[in-house]
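Chain and residue survey
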Amino acid sequence: MRRREFIQCLLPLAGMPLVFPMWSVANALGQSRLRKFASVPDDGRVLVLVQLAGGNDGLNTIVPYGYDEYYNARPQLAIPKPDIIDINGEIGFHPSLLNMKKLLDNDRLAIVQGVGYPNPNRSHFKSTDIWLTASDSDQIQETGWLGRYFDQVCPPEEDSGTGAACVSSGPPAIQIGLTSSLALLGKNPRGIALRDPLAFYNLVSKQSDSHGSDPSPVPQTTAERELAFLRETASAAFSYADEIKNASELGKNTVEYPQTSLAEQLAIVARLIAGGLSTRIYVVSITGFDTHANQLGTHAGLLHQVADAIWAFQQDLDNLGLSDRVIGMCFSEFGRRVYENASSGTDHGTAAPMLLFGKPIKGGIYGPHPSLSDLDRGDLRFVYDFRQLYATLLEHWLAYNSVDVLGTAYSTLPLIDAKITGASGRNIIPDRIYLAQNYPNPFNPATTIEYGLPTPAEVEISVYSILGRRIKTLFKGHQSAGVHRMQWRPNGLPSGTYLIQLRAGNAKWVRKARYVK
């Protein structure tokens, strides 16, 4: 058994309270010391990955209804033209994706057509591994693409001395579910899996009471390194239990989510972000997309769940003042074949569209639809390598050099309109003055204030009571063009709502901040 396989089998022990018995964590891990993971840069930005597990049929998601080849290949499964939600006269949404059309109309959805990779593999397991590790189809990669990102952007504090540049309110990554995603696996433990914050806290609080500060020696066996890794993972899970529970209780959903598993997962993500966790990556998932037979009704229901859950999530983020900080990406291990099969379904294919959503996303259609006549053994030829999208997220959202993570330079796409410092360290100049919503909000003990200047200006940042009394001036003076951030700690002040005011030249902006003790 390879190290990666061993760790994937054991990682759920740190976050599966409803599956493994209590003694699994307490006895198997011994006296782990309570040390947190190294964390991530404090820029407040969050990436949510939505995994459509099973291989989503891209042709019946973004439907090429303007092409006769589509209807010729799918006499039973093709979506009738009158039912399609038109996008540009050639392609349109499946009728279950009305809420995705709303996001597109509001410039919050990017559709990247024909995403795949060279020499595609049609095995669920191998292709999923390829997507989660960002490896070539003939390569075995021991770590996930986000695990490698975390290894480099914030290595262990004792090894790098960079811990002071990182925040630690929450783990770097959280998988909402029963197992930690391979995408998060690095050389050091980075993510935890949990299905419910309160259940997670209840398990961990009971187990951590018996843990001393000094760990017992790891048994000298062939799995010694893996056991040590698992101890560190569980130890970090214990140390974050309070923060996760507090964030879940402090953060409040503002909309009613659909009663589906995916919607419930995204509701948890919204609460944790609103509650103040600095977690950078969240992974959620929905299963059932392996539609070999009787596809029409099953697929329609799945797409409906995806669209409605993401729409509710976006509405919630808007109400919470978090929309500027969060983007999401839907992905699946492959698409389906162009031609329907004899069971009124579709078999494993290759390329498919990918959807990116959020306020910072530059909405629209990216790339031409893959040819429906020039096929590769009955499958679509890919237009974009999926690692181009990973490179785009790394460079333009996570602000890191993608070559260091992916090992190869991939061209990026203009998908993100983000006011952040790029991977080169160059401060991107915003096109307007802005004062972002402070994060976290509500907060305790501190919150981050971000604002941007298109040109140098005289700036004053002040905090006022809700009645308009000045509480404190945080900064007053000349500042250069660019994006600026500062922290505010209302030491000694009572809980309540405060006003953060930015004055730049003759302009003034105000945001409400809620401090909760």
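See above for the structure.
The following refers to the structure shown. (Residues numbered from 1 in each chain as written. Predicted model: local features only at pLDDT ≥ 70, side-chain atom pairs only at ≥ 80, totals over all residues. Heavy atoms only, no water.)

Let us look at the nonpolar core. With 55 residues, the main nonpolar core has Val48, Phe93, Met100 and Phe313 as its most contacted residues. Excluding residues within four positions of it along the chain, phenylalanine 313 makes contact with Val48, Tyr257, Leu266, Val269, Ala270, Val326 and Phe357. By size, the runner-up hydrophobic cluster in this structure holds 46 residues, among which are Ala134, Leu184, Ile281 and Ala391. (Core = buried A, V, L, I, M, F, W, Y, C linked by side-chain atoms within 4.5 Å. Buried < 20%, exposed > 50% of the residue type's maximum accessible area, 1.4 Å probe, protein only. Contact = heavy atoms within 4.5 Å.)

Enumeration according to the criterion identifies six cavities of 30 Å³ or more in this entry. Considering the residues around the largest cavity, the lining is formed by 20 residues, among which Leu52, Asn56, Cys330, Pro353 and Met354 are closest to the centre. If you list the elements that add at least two residues to the lining of the largest cavity, you get helix 11 (295-320), strand 9 (326-331) and strand 10 (352-357). In terms of residue count, the dominant contributor to the lining of the largest cavity is strand 10 (four residues). Counted by class, the lining of the largest cavity contains 15 nonpolar, five polar and no charged residues. Approximately 80 Å³ is the volume attributed to the second largest cavity. (1 Å grid on protein atoms, 1.4 Å probe; cavity = no way out; pocket = protein on both sides within 12 Å on 5 of 7 lines; lining within 4 Å. Points joined across faces, edges and corners; volume = space filled by probe spheres on them. Helix = DSSP H or I, 4+ residues; strand = E, 2+ residues; numbered from the N terminus. Nonpolar A, V, L, I, M, F, W, Y, C, P; charged D, E, K, R; others polar.)

Let us now look at the sheet that holds strand 18 (residues 496-504). Strand order in the open sheet made by the four strands is 16-15-18-19, with antiparallel pairing throughout. Each edge of the sheet is formed by a strand with only one pairing partner; in this case those strands are strand 16 (470-479) and strand 19 (507-515). On average, adjacent strands in this sheet sit at an angle of 15° to one another, irrespective of strand direction. (Pairing = 2+ DSSP bridges. Axes fitted to C-alpha atoms, helices over the stretch in contact; angles between N-to-C directions.)

Helix 11 packs onto helix 10 (residues 261-274) with a crossing angle of 15° between their chain directions and a minimal axis gap of 9 Å. Regarding the angle of helix 10 to helix 11, the classification is roughly parallel. Relative to helix 11, helix 10 is oriented so that their crossing is right-handed. Taken together, the residues of helix 11 that come into contact with helix 10 (itself represented by Leu262, Ala263, Leu266, Val269, Ala270 and Ala274) are Gln305, Val306, Ala309, Ile310, Phe313, Asp316 and Leu320. Residues belonging to the contact of helix 10 with helix 11 are distributed by class as follows: 11 nonpolar, one polar and one charged. (Parallel < 35°, antiparallel > 145°, perpendicular 65-115°, else oblique. Left-handed = near helix turned anticlockwise from the far one by under 90°.)

With that out of the way, let us pick up the sheet that holds strand 17 (residues 482-488). Two strands in a sheet stick together by hydrogen bonds in their backbones, pointing the same way (parallel) or opposite ways (antiparallel). Read across the sheet, three strands follow the order 13-14-17 without closing on themselves; strand pairing throughout is antiparallel. If you trace the sheet from one side to the other, it starts and ends with strand 13 (434-435) and strand 17, each paired once. Relative to strand 14 (residues 447-453), strand 13 is paired through two bridges, and the arrangement is antiparallel. Each residue of the ladder has a partner; that of tyrosine 434, found in strand 14, is glycine 452.

With that settled, consider the pairing of strand 5 (residues 109-116). It is a general feature of regular strands that their side chains alternate between the two faces of the sheet. Most of strand 5 is tucked away: eight of the eight residues are buried. For strand 5 and strand 10, the ladder comprises five bridges, and the chain directions are antiparallel. Across the sheet, isoleucine 111 pairs through a bridge with leucine 355, a residue of strand 10. Bridging between strand 5 and strand 11 (residues 364-366) involves three bridges; their strand directions are parallel. Each residue of the ladder has a partner; that of alanine 110, found in strand 11, is glycine 364. Relative to strand 12 (residues 384-385), strand 5 is paired through two bridges, and the arrangement is parallel.

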